[in-house]
Each structure stands twice: as structure tokens, then as C-alpha cells.
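Tertiary structure, described
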Amino acid sequence: MVEVAKNEEDLIPTEKWLVSLRKDGKPFIRQFRAEGYYEAYDTVLTHIEKHRLEVLWFKEKRDCDHRYMNKNYPDLESVCVYCIAIFNETEPIPCYDENCNTKFCSKTCMKEHYKFRHKK
Ligand SMILES: [Zn+2]
Ligand SMILES: [Zn+2]
């Protein structure tokens, strides 16, 4: 699913959660939305099974330490706008264009998108 909504806060009333995951000994944090603990638990479990990750913890974002609260994390399942691959372990690559909100799985995808979309 590709999200195009600008004010996602207004459209999706569910809580933001943070999850700390680990892959090959390297920890990283992702955020996702869920309505309550059970949905969050389910989301995390399905995700780690699918991608063979280790989960360290997950928490509602508003209950997290302020150093987590004030940061924006990539989505648990980011979808590359260019190649439609789901990626989660690598940091999303934003478009060169400041007014473009799209994110990509790799620099290659971002450059291809840039060439087609923004270069005239
Ligand atoms: Zn891609
Ligand atoms: Zn762009």
C-alpha cells in the first residue's frame, strides 16, 4: 500500500508504536500504527517471522523516552515507490527533490525516479 495522504495524523486515528528490531546483531527502530496492544503484538510478530528479525522491545510511542518521542522513524514496512519492493532493514532514501515526499529502497531507485519525474 502506498500512502499518499499529506496529513496522515488526521486520517488515521490509531496510535503510533515504536519497535526495536535486530538483524545480524545490528539494532534499529521502526514505527507503525496499531490500535491497542494486541494489534501491535500481532503486527510485530507477523513482521519478525516474515523477515526473520529479532525483536528487542515495542511500545506506544507516547510512552517512550523523550529521545524516542521527538524523532521520526521509518515505517515498519516501507514500500519503494519505484520498484514496489517492501524494505525495512535499510534506511529509506528520500528523493533529491525537496518537495517530493517519496522514499526509496536504494539510491538507484531514487535516481531512476528522479530522472523520470523531475528532470525535464
Ligand atoms: Zn526500489
Ligand atoms: Zn521525487
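Above this text is the structure in question.
This report concerns the structure included in the present document.

Parameters at a glance
Note on numbering: residues in each chain are counted from 1, in written sequence order. Each chain takes a letter, starting from A, and each ligand takes a number, starting from 1, following the order in which they are written. The predicted origin of the model limits local features to residues at a pLDDT of at least 70 and limits the giving and counting of side-chain atom pairs to 80 or more, whereas totals for whole chains, interfaces and linings rest on all residues. Under the scheme used here, helices are H or I runs from DSSP no shorter than 4 residues and strands are E runs no shorter than 2 residues, and both carry numbers assigned from the N terminus. By the convention adopted here, residues make contact when the C-beta atoms placed from their backbones lie within 7 Å. When buried Ala, Val, Leu, Ile, Met, Phe, Trp, Tyr and Cys residues are joined through C-beta atoms within 7 Å, the set is termed a nonpolar core. Partly exposed residues are those falling between the two cut-offs: more than 12 but fewer than 20 other C-beta atoms within 10 Å of their own, whereas 20 or more means buried and 12 or fewer means exposed, with C-beta atoms placed from the backbone. At least two DSSP bridges between two strands are needed for those strands to be called paired. Axis definition: a line fitted to C-alpha atoms, over the contacting stretch in the case of helices. Angles run 0 to 180 degrees between N-to-C directions.

**Quick look at the overall build of the protein chain**
The helix and strand tally for the protein chain stands at 4 helices and 7 strands. Element order for the protein chain, N to C, with α for helix and β for strand: α-β-β-α-β-α-β-β-β-β-α. Relative to all contacts within the protein chain whose residues are 6 or more apart in sequence, the contacts with residues 24 or more apart total 43%.

**Focus: the nonpolar core**
Formed by Trp 17, Leu 18, Val 19, Leu 21, Phe 32, Ala 34, Ala 40, Val 44, Phe 58 and Leu 76, the largest nonpolar core amounts to 10 residues. For this core, the element with the most residues is strand β1 (residues 15–23), which contributes 4 residues. Setting aside anything within four residues of it in sequence, one finds Phe 32 in contact with Trp 17, Val 19, Thr 43, Asp 75 and Leu 76. Membership of the second largest hydrophobic core comes to 7 residues, among which are Cys 80, Cys 105, Cys 109 and Met 110.

**Side note on the sheet that holds strand β2 (residues 26–34)**
With antiparallel pairing, 3 strands are arranged side by side in an open sheet as β2-β1-β3. The open sheet has two edge strands, β2 and β3 (54–60), and neither has a second partner. Strand-to-strand twist of the sheet, defined as the mean angle between neighbouring strand axes without regard to direction, takes the value 20°. Two strands pair when backbone bridges link them, and β1 and β3 are joined in this way by 6 bridges, in the antiparallel orientation. By the bridge assignment for β3, Val 19 is matched with Phe 58. Here helix α2 (residues 37–51) sits on the sheet in contact with β1, β2 and β3, set at roughly 155° to β3.

**Quick word on the pairing of β2**
Bridging between β1 and β2 involves 9 bridges; their strand directions are antiparallel. Across the sheet, the residue bridging to Val 19 is Arg 30, located in β2. Hairpin remark: β1 followed by β2, antiparallel, with 2 residues in the connecting loop; positive phi at Asp 24, about 50°.

**Here we look at the environment of Lys 23**
Along the polypeptide, Lys 23 turns up in strand β1. Placed 25 residues apart in sequence, Lys 23 and Ile 48 show a C-alpha to C-alpha distance of 9.9 Å. The residues touching Lys 23, leaving out its near neighbours within four places in the chain, are Leu 53 and Glu 89.

**Description of the environment of Leu 53**
When you line up the elements, Leu 53 lands in the loop between α2 and β3. Along the backbone, Leu 53 and Asp 24 are 29 residues apart, and their C-alpha atoms lie at a distance of 8.4 Å. Leaving out residues up to four positions away in the same chain, Leu 53 has contacts with Leu 21, Arg 22, Lys 23 and Ile 48.

**Overview of unusual backbone geometry**
As a rule of thumb, non-glycine residues mostly have phi less than zero, and peptide bonds are mostly trans rather than cis. Positive phi, normally seen in glycine, also occurs at Arg 52, with a value near 50°. Topologically, Arg 52 is positioned in the loop between α2 and β3. Given 7 C-beta atoms within a 10 Å radius, Arg 52 is considered exposed. Despite not being glycine, Ile 84 shows a phi value in the positive range, around 65°. Along the polypeptide, Ile 84 turns up in the loop between β4 (78–79) and β5 (86–87). The class of Ile 84 is exposed, set by 10 C-beta atoms lying within 10 Å.

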